[in-house]
Amino acid sequence: MTDSIMSKAATMEIPINSNGDTGTLPEDDGLEQAAKRQWSLGEKDLQQVMVSGPNLNETSIVSGGYGGTAEGIIPTSSIKGPAIRYNAEFYKRIEVTGIGPNMNHSISSSSMTNEEATKGVAVEKIEQVKKWGLNTYKCTKQMISERFGRGSRTVDLELEAQIEVLRDTKRKYENVLRLARALTNHFYNMVQTQHALGDTFADLSQKSPELRDEFGYNAETQKLLCKNGETLLGAVNFFVSSINTLVNKTMEDTLMTIKMFENARLEFDAYRTDLEELSAGPKDAVTVIRIETAQQQYLIQKDKYERLRSDVIIKLKFLEENKVKVMHKQLLLFHNQLEQTLRQFNIKLRPPGADKPSWLEEQ
């Protein structure tokens, strides 16, 4: 009888409380609550587990392990099956989801990966700062050498002359733009004044019978001036807008490319000078490596310099063509509008009372 019980106990061994009470197992209850909190098994799932699970009434529990006495045998009918089934389901889901003893290893690997990525980014930034500092040092050294006449620089006389002409043209067009804006403001105030003066003349024409014709004549003249002034003001505004686009967008874009070209020229000369100094010195194993590195940097800067030089030449050519087209159109429109306005001002109105002789003639 004891051997039969022991053989059954070998299939499942569950520790009991110190007082031998198996009615409530705190560990099982804790796992059951954890399982309920994590996955909230429904009543239907619970019934399926109880039906498909083993017959726990045929299982016995020993407290002393294998080979223990029969005094520690406790029937499992007093332990509720769902708790044990919950625990098995809980551990099964832990294995599937990877939450368990291996979780610490995965978290550790993830943290190590993040740390390595952070270190890689930091190293890359340090290298970038290092390259920037070295490049700045070389360019500053080259700039100081050029200013004090100690270093040589690459010169393109024809291109530099075109660049200087563009800068001078931009200064002159900025002056035209400033004067045109001032004209717009003054002309707008004049048009408003003419409009108010015409209204005043018209009012006096109604209130002064003896000067009705004179005030009426001048009121009509001021209204005509105001009408033509508004038309001319629109033409001036369009002229200002076109000049502003040409100066502050088209020319400015070309000058930005020129600035990039000048910086590339300075970098090219700095690396060229560095290569010349290394080539002129003693050549050992370390110096040969430095010369090869300097040669590579020199070729990179040379390609950048030539590419930007080509861009500047193309933009200067298109800018000149665009400038001629825009200014030809705007100056022609501005002149035609002004001429049309002046033509309307030349209309000679017959003064009132011209048919009547004056009182002096009557005498």
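The rules behind these values
- Residues numbered from 1 in each chain as written.
- Predicted model: local features only at pLDDT ≥ 70, side-chain atom pairs only at ≥ 80, totals over all residues.
- Heavy atoms only, no water.
- Helix = DSSP H or I, 4+ residues; strand = E, 2+ residues; numbered from the N terminus.
- Buried < 20%, exposed > 50% of the residue type's maximum accessible area, 1.4 Å probe, protein only.
- Contact = heavy atoms within 4.5 Å.
- Core = buried A, V, L, I, M, F, W, Y, C linked by side-chain atoms within 4.5 Å.
- 1 Å grid on protein atoms, 1.4 Å probe; cavity = no way out; pocket = protein on both sides within 12 Å on 5 of 7 lines; lining within 4 Å.
- Points joined across faces, edges and corners; volume = space filled by probe spheres on them.
- Nonpolar A, V, L, I, M, F, W, Y, C, P; charged D, E, K, R; others polar.
- Phe/Tyr/Trp six-rings, centres within 6.5 Å; stacked < 30°, edge-to-face > 60°.
- Lys NZ or Arg CZ within 6 Å of the ring centre and 35° of its normal.
- Salt bridge = Lys/Arg side-chain N within 4 Å of Asp/Glu carboxyl O.
- pLDDT = per-residue confidence, 0-100.
- Polar contact = N/O pair within 3.5 Å; in protein donor to acceptor, adjacent residues only side chain to side chain.

The name that an unreviewed UniProt entry assigns to the protein chain is ADP-ribosylation factor interacting protein 2b, with the source organism given as Neogobius melanostomus.

(A) Region of interest: the overall build of the protein chain. Within the protein chain one finds nine helices and two strands. N-terminal to C-terminal, the α/β element order of the protein chain is α-α-α-β-β-α-α-α-α-α-α. Taken over 363 residues, the protein chain has a buried fraction of 28%. Of the contacts formed within the protein chain by residues at least 6 apart in sequence, a portion of 80% connects residues at least 24 apart.

(B) Representation of the nonpolar core. Counting 34 residues, the largest nonpolar core has I163, L166, I258, F261, V312 and L316 as the members making the most contacts within it. Among the secondary structure elements, those contributing two or more residues to this core are α6 (157-207), α7 (212-280) and α8 (285-345). The element that contributes the greatest number of residues to this core is α7, accounting for 17 residues. Apart from the residues lying within four places of it in its own chain, the contact partners of I258 are I163, L166, R167, V312 and L316.

(C) Looking closely at the layout of surface pockets. What the largest pocket holds in volume is close to 490 Å³. Lining the largest pocket are 14 residues, and of these L134, K138, Y271, T293 and Q297 sit closest to its centre. If you list the elements that add at least two residues to the lining of the largest pocket, you get α5 (101-147), α7 and α8. Among the residues forming the lining of the largest pocket, the class breakdown is four nonpolar, four polar and six charged.

(D) Inspection of the side chain of T169 at higher detail. Locating T169 in the fold gives a position in helix α6. Sequence-distant contacts of T169, that is, excluding residues within four places in its chain, are made with M251 and K323.

(E) Geometry of the packing of aromatic side chains. Evaluated as defined, the whole model comprises five aromatic pairs. One aromatic cluster in this structure is built from F261, F268, Y298 and Y305. We note R150 situated over the ring of F148; from NZ or CZ to the ring centre the distance is 5.8 Å.

(F) Local environment of the pattern of salt bridges. Counted according to the given criterion, the structure contains 18 salt bridges. Ionic pairing is found between K170 and E174, a salt bridge with its closest N-O pair at 2.5 Å. Taken as a pair, K170 and E174 lie in helix α6 at a separation of four residues, close to a single helical turn. Judged by relative accessible area, which is 10%, K170 ranks as buried. In this structure E174 comes out as partly exposed when scored by relative accessible area, which is 33%. Between D203 and K207 there is a salt bridge, and its shortest N-O distance comes to 3.4 Å. Here D203 and its partner K207 are both found in helix α6, four residues apart, which amounts to about one turn of the helix. We classify D203 as partly exposed; its relative accessible area is 37%.

(G) Spatial organisation of the environment of D199. Tracing the sequence through the fold places D199 in helix α6. A relative accessible area of 39% means that D199 is categorised as partly exposed. Each C-alpha atom of the pair D199 and K223 lies 8.3 Å from the other, and the pair is 24 residues apart in sequence.

(H) Local environment of the confidence of the model for the protein chain. Across the protein chain, pLDDT averages 74, with 64% of residues at or above 70. For the protein chain, strand β1 (residues 60-61) is the element with the lowest average pLDDT, namely 40, and α6 is the one with the highest, namely 93. Counted against residues more than four places away or in other chains, residues 49-86, with its pLDDT under 50, gives 58 contacts. Residue range residues 94-99 is modelled with pLDDT below 50. Its contacts to residues more than four positions away, or to other chains, number three contacts.

(I) Focus on the side chain of Q142. Of note, Q142 is situated in helix α5. Residue class for Q142 comes out buried when judged on its relative accessible area of 4%. Among the polar contacts listed, one links the side chain of Q142 to the side chain of E146, at a separation of 2.9 Å.

(J) Seen up close, the environment of L224. Along the chain, the position of L224 falls in helix α7. The class of L224 is partly exposed, set by a relative accessible area of 34%. As for L224 and G198, which are separated by 26 residues in sequence, their C-alpha atoms are 9.2 Å apart.

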